[in-house]
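Here is what each chain is made of, one letter per residue.
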Amino acid sequence: MEVRKNNFQIVQKLQYTKDKTWYLLAENSSILGPSLTRDKVIRVVPESERETQILRAAFNRLKVDLWQPSSPFHIVEGTVTDVRVPQNATRSLLPYLQQANIHYTILISDLQKAVENQTGLRSYRNRRSLSGYNYEVYHSLEEIQDWMHHLNRTHSDLVHMFSVGKSYEGRPLYVLKALQTYQTDPAMRKMLTQLYFYIMPVFNVDGYHFSWTNDRFWRKTRSKNMRFHCHGVDANRNWKVKWCDEGASFHPCDDTYCGPFPESEPEVKAVAHFLRKHRKQIKAYLSFHAYAQMLLYPYSYKYETIPNFNCVESAAYNAVNALQSAYGVRYRYGPASSTLYVSSGSSMDWAYKNGIPYAFAFELRDTGHFGFLLPEMLIKPTCTETMLAVKNITLHLLKKCH
């Protein structure tokens, strides 16, 4: 007998996330691109306003790659700041910090070795076997999409694949719709009897592909700017909710560039259109990012309590406890603005402002020891614990909290 379902849920993924939502699909990048030999990642925590100003000025001047926070603007007293320092800047920055009596810690001493250690020396053929698709290694965009096609062909009773649009470079934006499960887990059966799950393994397909072929740490889209030689927009600052306000940049060369206008990026426009079309039925929106070990909810663009705070906060509290029960990994949780930093134009805030009552952003493992280079051996535990949190949130919303 066919069970009628009237709820929708989309699980979205931006680049550098470790999402794996059927069996949380893992992704990250290869060792291709410019050499990172002797590039370092350092951590510094400013202890005064003086140190804050020195760091902001130095990082702006040297154009270093901030891993966290996303912009020098967000560096304030007490902010844990992880920064990738190119070899040619190491000779000037590190002595400068010592001279200014600013303490720093070296997290990664040779970035090239760390990138190579992340994926090891597995054969290419091993990665590409579809029948035995390995969920515990990182895959290229082609491999991920081949796997989606394979699932769609061989398990059409479980999933349905479709595209919501095309990227700037013309790549399809594929989504999997989960219909049912073979699992005997009663919680999974309950969820898939009453809900559809829409799973988008890779949101920023162009940027993700580029991170395999050219720049391992690329994070923006790949759209071109006519006036500047810089490429791309921060896809999580391009949504039409307090667009390009605090926490976003108007400069096309910045990592937090908000774009020339809201939904300027075809990827954002396509997903926004899909969400708008189904927003009356959508009950939750989850996005997955790295890194920080946090579970965030609105608002991100302002310090203000959301109307259904009690229900959302309760769901977050139970989710992080469920997550911790697997391996003891602790996640902080709370409104994004106060737990992380103020940021405008995010997909999470947009989803919430468009009537989706539960909108969350996961910042997955870890807290900086590996940063964007989470080893493959940590994919499975990260996915296992994250899935516990996702299931917990889903079961919470089925209880119809008021």
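What counts, and at which threshold
Residues numbered from 1 in each chain as written. Predicted model: local features only at pLDDT ≥ 70, side-chain atom pairs only at ≥ 80, totals over all residues. Heavy atoms only, no water. Phe/Tyr/Trp six-rings, centres within 6.5 Å; stacked < 30°, edge-to-face > 60°. Buried < 20%, exposed > 50% of the residue type's maximum accessible area, 1.4 Å probe, protein only. Lys NZ or Arg CZ within 6 Å of the ring centre and 35° of its normal. Helix = DSSP H or I, 4+ residues; strand = E, 2+ residues; numbered from the N terminus. Axes fitted to C-alpha atoms, helices over the stretch in contact; angles between N-to-C directions. Parallel < 35°, antiparallel > 145°, perpendicular 65-115°, else oblique. Left-handed = near helix turned anticlockwise from the far one by under 90°. Contact = heavy atoms within 4.5 Å. Nonpolar A, V, L, I, M, F, W, Y, C, P; charged D, E, K, R; others polar. Salt bridge = Lys/Arg side-chain N within 4 Å of Asp/Glu carboxyl O. Expected span 1.5 Å × (residues − 1). Arc of directions from axis to C-beta.

Engineer: Would you mind going over the packing of aromatic side chains with me for this structure?
Structural biologist: Each aromatic ring pair is specified by the distance between its two centres and by the angle formed by the two planes. Using the criterion set out here, one finds 21 aromatic pairs in the structure. Each ring, one from Tyr133 and one from Tyr135, has its centre 5.3 Å from the other, and the planes form 65°; the classification is edge-to-face. You can call Tyr135 partly exposed: its relative accessible area is 24%. The lysine or arginine in question, Arg61, covers the ring of Tyr96, its NZ or CZ lying 5.6 Å from the ring centre. Taking NZ or CZ as reference, Lys302 lies 4.6 Å from the ring centre of Tyr299, over its face.

Engineer: Explain the environment of Glu143 to me, please; I cannot follow it from the model alone.
Structural biologist: Structurally, Glu143 can be placed in helix H5 (residues 141-154). For Glu143, a relative accessible area of 3% gives the class buried. As a C-alpha pair, Glu143 and Tyr133 span ten residues in sequence and 9.3 Å in three-dimensional space.

Engineer: Looking at this structure, how should I read the packing of helix H6 (residues 186-194) against helix H12 (residues 379-398)?
Structural biologist: Interhelical geometry of H6 versus H12 gives an angle of 55° and a closest axis separation of 10 Å. By the angle between their axes, H6 is oblique relative to H12. Relative to H12, H6 is oriented so that their crossing is left-handed. Across the interface between the two elements, Ala187, Met188, Lys190, Met191 and Gln194 from H6 touch Met387, Lys391, Thr394, Leu395 and Leu398 from H12. In terms of residue class, the contact of H6 with H12 is built from six nonpolar, two polar and two charged.

Engineer: Whenever I open this one, the pattern of salt bridges confuses me. Can you help?
Structural biologist: Two side chains that carry opposite charge are able to pair once their charged atoms sit near each other. Summed over the entire model, instances satisfying the criterion amount to eleven salt bridges. The salt bridge involving Arg171 is made with Glu169; its shortest N-O contact spans 2.5 Å. Its salt-bridge partner being Lys302, residue Glu304 comes within 3.3 Å of it at the nearest N-O pair. Residue Lys302 is classed as partly exposed on the basis of its relative accessible area, which comes to 22%. It is possible to trace a salt-bridge network through shared partners that takes in Asp39, Asp65, Arg84 and Arg219.

Engineer: Just checking my understanding: could you explain helix H1 (residues 49-62) for this structure?
Structural biologist: Working note: α-helix, 3.6 residues per turn, so residues spaced by three or four point in the same direction. Along its 14 residues, H1 runs 20 Å from first to last C-alpha, staying within 8% of the 20 Å computed at 1.5 Å per residue. Residues Glu51, Thr52, Ile54, Leu55, Ala58 and Phe59 constitute the buried set of H1. The buried residues of H1 occupy an angular sector of 165° when the element is viewed end-on, so they sit on one face. Buried residues belonging to H1 abut strand E2 (40-44), strand E3 (65-68), strand E4 (81-85) and helix H2 (87-99). Once H1 finishes, Lys63 follows within two positions and takes phi at roughly 55°, a positive value.

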